[in-house]
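Tertiary structure, described
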Amino acid sequence: MRKVFNSLLALSALAVMGCSGSTSLSPGEIDVLTDSDIYDEGDLTEIACDFVVKPLKSNEPLDGIGGIKFWGNKAFARSNDNRKLLCFDNYNLYAVLNKLGRGPGEYIYLSDFSYDAKEDLIYVGNDSLICIYDAKTMGFIRKQFVSYDIQNLLNVGDKMLYYGLDIDESRKQQTLENYNPTASVVLTDRGEWDIKNNSTVLNQHSYYHRSIFGFPQLFYVNPQNMSFCLPGYVNRIVTFNNDSTTDVYRFMLASNDNQVLEKYMKEESFEEVPTEDFNNDYLGLLLNGPYLDNIYNIIVDKGTISFRLNFYPKGLIGEEGVNLLYWVHNETGTKAYKSLRIPGLAMDIEPTGCHDNRNVAIIENLGEDAIDETAKMSPLAQQIIDELKKQNDDNPVLLEFRFK
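Everything numeric in this text was worked out from a predicted model, so none of it was measured.

The next point concerns the sheet that holds strand β28 (residues 397–403). The sheet built from 8 strands is open, its strands ordered β5-β28-β27-β26-β6-β7-β8-β9 with mixed pairing. Two strands in the sheet have a free side with no partner beyond their single neighbour: β5 (48–55) and β9 (92–97). With direction set aside, neighbouring strand axes in the sheet form an average angle of 25 degrees. As paired elements, strand β6 (residues 65–71) and strand β7 (residues 74–79) share 6 bridges and run antiparallel to each other. Bridge pairing links Trp 71 to Lys 74 in β7. The strands touched by helix α8 (residues 379–390) within the sheet are β5, β27 (358–363) and β28, with β5 carrying the most contacts at an inclination of about 10 degrees.

Here the focus is the layout of surface pockets. Computed from the structure, the largest pocket encloses a volume of approximately 540 Å³. Taken together, 24 residues line the largest pocket, and the ones lying closest to its centre are Gly 66, Arg 78, Gln 217, Phe 219 and Tyr 296. Mapped by element, the contributors of at least two residues to the lining of the largest pocket are β6, β7, β14 (148–156), β21 (291–301), β22 (304–312) and β26 (351–355). Residue composition of the lining of the largest pocket, by class: 5 nonpolar, 14 polar and 5 charged. Counted as a void, the second largest pocket has a volume near 370 Å³. Taken together, 18 residues make up the lining of the second largest pocket; nearest its centre are His 209, Val 234, Arg 236, Met 265 and Glu 267.

Moving on, we come to the pattern of salt bridges. All chains considered together, the criterion is met by 19 salt bridges. For Lys 118, the salt bridge goes to Asp 158, with nearest N and O atoms at 3.9 Å. In this pair, Lys 118 sits in the loop between β10 (113–116) and β11 (121–126) while Asp 158 sits in the loop between β14 and β15 (159–166), placing the two residues 40 residues apart along the sequence. Assessed through its relative accessible area of 61%, Lys 118 is described here as exposed. Linking Asp 168 and Lys 196 is a salt bridge whose minimum nitrogen-to-oxygen distance equals 3.7 Å.

Turning our eyes to something else, we now look at the pairing of β27. Side-chain positions along a regular strand alternate between the two faces of the sheet. In terms of burial, β27 is largely enclosed, as 6 of its 6 residues are buried. Neither face of β27 is left uncovered, since the one carrying Arg 358, Val 360 and Ile 362 and the one carrying Asn 359, Ala 361 and Ile 363 both have all their residues buried. Two elements, β26 and β27, share 4 bridges in a ladder whose sense is antiparallel. Bridged to Cys 354 within β27 is Asn 359. Hairpin connection from β26 to β27: 2 residues lie between these consecutive antiparallel strands, with Asp 356 at a positive phi of about 55 degrees. Relative to β28, β27 is paired through 5 bridges, and the arrangement is antiparallel. Of the residues in β28, the one forming a bridge with Ile 362 is Leu 398.

What follows deals with the sheet that holds β21. To summarise the sheet geometry, strands pair through backbone hydrogen bonds and adopt either a parallel or an antiparallel arrangement. The sheet built from 5 strands is open, its strands ordered β3-β24-β23-β22-β21 with mixed pairing. Among the strands making up the open sheet, the edge pair consists of β3 (38–39) and β21. Pairing analysis gives 2 bridges linking β3 to strand β24 (residues 333–337), with the strands arranged parallel. Residue pairing in the sheet places Ile 38 in a bridge with Ala 336 of β24.

This next bit is on the pairing of β26. Within β26, 5 of the 5 residues are buried, which leaves it mostly tucked inside the rest of the structure. As judged from the 2 bridges shared by β6 and β26, these two strands associate in the parallel manner. Looking across to β26, one finds that Ile 68 is bridged to Gly 353.

In this section: the packing of aromatic side chains. For the structure on display, the rule yields 24 aromatic pairs. Taken together, a centroid distance of 5.8 Å and an interplanar angle of 65 degrees make the contact between Trp 71 and Tyr 115 edge-to-face. Within this pair, whereas Trp 71 is found in strand β6, its partner Tyr 115 is found in strand β10, the two being separated by 44 residues in sequence. Side by side, Trp 71 and Tyr 115 carry an identical accessibility label, which is buried.

About the criteria used
Residues numbered from 1 in each chain as written. Predicted model: local features only at pLDDT ≥ 70, side-chain atom pairs only at ≥ 80, totals over all residues. Heavy atoms only, no water. Pairing = 2+ DSSP bridges. Helix = DSSP H or I, 4+ residues; strand = E, 2+ residues; numbered from the N terminus. Axes fitted to C-alpha atoms, helices over the stretch in contact; angles between N-to-C directions. Contact = heavy atoms within 4.5 Å. 1 Å grid on protein atoms, 1.4 Å probe; cavity = no way out; pocket = protein on both sides within 12 Å on 5 of 7 lines; lining within 4 Å. Points joined across faces, edges and corners; volume = space filled by probe spheres on them. Nonpolar A, V, L, I, M, F, W, Y, C, P; charged D, E, K, R; others polar. Salt bridge = Lys/Arg side-chain N within 4 Å of Asp/Glu carboxyl O. Buried < 20%, exposed > 50% of the residue type's maximum accessible area, 1.4 Å probe, protein only. Phe/Tyr/Trp six-rings, centres within 6.5 Å; stacked < 30°, edge-to-face > 60°.

Here it is, written out as C-alpha cells:
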C-alpha cells in the first residue's frame, strides 16, 4: 500500500498516517511507494492520453537520438554518440550542428544544450564556457565565459537556469583533499557572466549529498514545465519562478529506506560525519545498495506528477542491476511501472524528452520487427506502424503523450 508520513522523524519511526488523494500533499507529508504499487508493465493506451504521432522527416538517414528538447515548434536533439545536435522545425530536420573538436568555434563535448528563441541562438555548455551558434546557419557566433562550472543550462525566457559549481568551489574541489563543495541551481539574466554575485539561488547542497542522493536534473525543464526534483532522503518535486521554489510533492521509495541513508537525512549530516565514515558508507551503498541513482523526466501537469528514476536495489554492481521505474502520481493514487508498452509494438516506450508538459519518445524504425505478433494491435500501435512504413531511410517516428 501507499503510505504518507507527516515528518522526517516519522519516517525513521515508520509511523503510518494514511493515504492522500491530492497531488500537493500537506506540508511535511511524504508519499512512500511500496512494492505492491510497482507493476512490471504499464499499458500507455490505458494510463496516458493526448497522443501525438509525428514522423521525423529528413532527406537522409537520421542519427540515433539520445535526448530531445522543444521550444514551441523548434526541437533540438542530441545524437546518441553526443557528437551532433539535430535541429528540427515542425518535426522536419533543417540543420545539424556538428562542431565537436578543440579548434576555433568548436565544442569539446555535447552533454547539455539550450536554445534562445528570442535571438534564435543555440547554447552549448562546456565547463565554464558557453559556445554560441546561429540556429539558422549553425555558424559560430562567440564563446561566453561564466564564473560557473556548468552541468546543466537552460534558457527560460530572458533568464538562464544553471546547475553546477561556482568556479571557486570547482577549483577547490580539484586541489583540496576531501573538500566538500557546494553545488547550486541558480537563475540569472541570460547574458550574465558573474553568476556568483548576480543570480538567484534556487537550491544548494553539498557534493557529498550529490554523491549519496543524486542531483537536480534540469533536462526536462522548459517555459511550460517549470519544475525539477531535489533529491534527498526524502525527494522533493518543486516548481519555481524568478525568486524561489515551491514544494508540490514529497516522496520516497520504501525499499530505499535504511539506516545508512537515514544517517544523512539532513544536509548538516554531511559536515558532521567524519570523511572516512562517509566514504565507507558511500562505498557500501555502491556495492550493496540500496542506491537511487537519478530522478529525471519530471513533469508537473496540473493534477498529475510523473518522472522516471533509476534504482539499484543491490548496488551499482549488484547482480540485480538497475530497476527503471516510471512513477505516476495523480488524484487517484500513485503507481510505478518498470516498463511502458503499447499493445502491438515489440519495443518498450522510453521517453527521452519533453514538449511542454508532454513526454516525448522516439520510436525506432525496426520494420517488421517493430510488430509484436503475440498481442492484439491497438489503434495507437497501428498508427505508429503506418507512419514508420512511410518513412524513408528507416527514420524514426516521434510519440508525445501525457500521463493521466
